[in-house]
Amino acid sequence: MDAVIAVVALLVVLFLVFGAYVTVKAIGAAKRGVDRTISQARRTVEDTTLRARSFGQVGAAGELAQLRLSLRTSMRATQEALQAGVVEDASLKESLGLFERLSVHGHELDDELKRLERDPDRISLAERLPGLRERTEQITKSADSLRWSARDRARRFADDDLDSLSTQIDMEAGALRHWTTEPSSSQTPASATSATSWPEPEAHADKGAEQTWAEPSKESEQESERPAITPPAPQPVHPWQKKARPESTT
């Protein structure tokens, strides 16, 4: 009885632990989903604000907004392309690692551009713009290079697979329509056929083969009536020959 109680208690404890684990995982997944949604919403709002500033403001403030928008758009597109491609192509892991290192410089530049947007010293900002523009172009150029290389690689694999598939389909279609064409190798010249095939039987052989057995003639009937062996002629009896006596039974 004690063993049964211990087993039941152990099962209850296991169920409680499992339920707590599932609850924690569900809460964590929900929290990550909420954080992801909030981050996407914040990013959308910030991108919209930067786009509005780049078109609505002039001078250093407008150019800073344009640099930030260009940097963020390029880095986000490259990240999505590499993360989607690494699932099917493991060789992109190295490219993804390089992008992560590039992202460190991108985040530093984005934070610096964001701080400069609130800087009231527009003269110093105008002096620093060429260097900021050069850094932004360098980072975005590297990100674009990684992104387009990954896309070219994926398109190359897709083209190779399509070419191979088209070749296999053409071969299968030809095999399914084999009755419409005769291969040249199976055609035998007339001379070769006449030389290797059996000769036609002669006319008289065919004629004889078609004839039935002829009825026997009268002579042949008479010959057939004769005995196979001719009986011997009677021997002449001479006077000096004695008659044979019958054997005595006494």
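Thresholds applied
For every chain, the first residue of its written sequence is number 1, and the numbers climb from 1 along that sequence. Reporting in this predicted model follows two pLDDT cut-offs: at least 70 for local features of residues, and 80 or more for side-chain atom pairs to be given and counted; totals over whole chains, interfaces and linings ignore these cut-offs and use all residues. Side-chain calculation: all heavy atoms of the structure are included, whereas hydrogens and water are not. Note on aromatic contacts: the rings of Phe and Tyr and the six-membered ring of Trp form a pair at centre separations within 6.5 Å, being stacked when their planes are under 30 degrees apart, edge-to-face when over 60 apart, and tilted otherwise. When the NZ atom of lysine or the CZ atom of arginine is within 6 Å of a ring's centre and also within 35 degrees of its normal, the charge is said to sit over that ring. Only DSSP runs of H or I with at least four residues qualify as helices, and only runs of E with at least two residues qualify as strands; both kinds are numbered from the N terminus onward. Here the expected span of a helix is defined as 1.5 Å times the quantity of residues minus one. By definition, a residue's bend is the angle between the axes fitted to the seven residues ending there and the seven starting there. To sort residues, take the accessible area from a 1.4 Å probe on protein chains only and compare it with the maximum for the residue type: under 20% means buried, over 50% means exposed, and anything in between is partly exposed. Here a residue-residue contact requires only that any non-hydrogen atoms of the pair lie within 4.5 Å. Two N or O atoms form a polar contact when they lie within 3.5 Å of each other; inside protein one atom must be a possible hydrogen donor and the other a possible acceptor, and for residues adjacent in sequence the pair counts only when both atoms belong to side chains. For patch building, the residue pool is restricted to those with more than 30% relative accessible area and no salt bridge; the joining distance is 9 Å between like charges and 5 Å between nonpolar side chains (Val, Leu, Ile, Met, Phe, Trp, Tyr). Each accessible area is a Shrake-Rupley result for a 1.4 Å probe, and residues are judged covered by the shown protein chains and nothing else. Whenever a carboxyl oxygen of Asp or Glu lies within 4 Å of a side-chain nitrogen of Lys or Arg, that contact is scored as a salt bridge.

**Q** With reference to specific residues and values, describe the packing of aromatic side chains.
**A** Enumeration according to the criterion identifies 0 aromatic pairs in this entry. In this structure, Arg151 is placed above the aromatic ring of Trp148, and the distance from its NZ or CZ to the ring centre is 5.1 Å.

**Q** I'd love a proper account of helix 4 (residues 122–176), names of residues and values included.
**A** Compared with the 81 Å implied by 1.5 Å per residue over 55 residues, the 76 Å span of helix 4 between its first and last C-alpha is a close match. Arg128 marks where helix 4 bends most, by close to 40 degrees; the proline Pro130 follows one to four residues later. Among the residues making up helix 4, those that are buried are Leu125, Leu129, Leu132, Thr136, Ile139, Thr140, Ala143, Leu146, Arg147 and Ala150. Its buried side turned inward, helix 4 meets helix 2 (60–85) and helix 3 (93–117). The backbone nitrogen of Ile123 lies 3.3 Å from a side-chain oxygen of the residue at the head of helix 4, namely Asp121.

**Q** Talk me through a nonpolar patch on the surface; I want residue IDs and the actual numbers.
**A** Judged by side-chain polarity, Val7, Leu10, Leu11, Leu14 and Phe15 come together as a nonpolar surface patch covering roughly 510 Å² of accessible area. In this fold, Leu10 is placed in helix 1 (residues 2–56).

**Q** Lay out the pattern of salt bridges with the relevant residues and their values.
**A** Under the defined criterion, the tally for this structure stands at 10 salt bridges. Here Arg72 and Asp110 are joined by a salt bridge, their closest N and O atoms 3.6 Å apart. Separated by 38 residues along the polypeptide, Arg72 in helix 2 and Asp110 in helix 3 bring together distant segments of the chain. Assigned by exposure class, Arg72 and Asp110 land together as buried. The shortest N-O distance in the salt bridge between Asp160 and Arg156 comes to 3.6 Å. Taken as a pair, Asp160 and Arg156 lie in helix 4 at a separation of 4 residues, close to a single helical turn. Exposure remark for Asp160: the relative accessible area of 32% places this residue in the partly exposed category. Where salt bridges share partners, they join Arg68, Arg72, Asp110 and Glu117 into one cluster.

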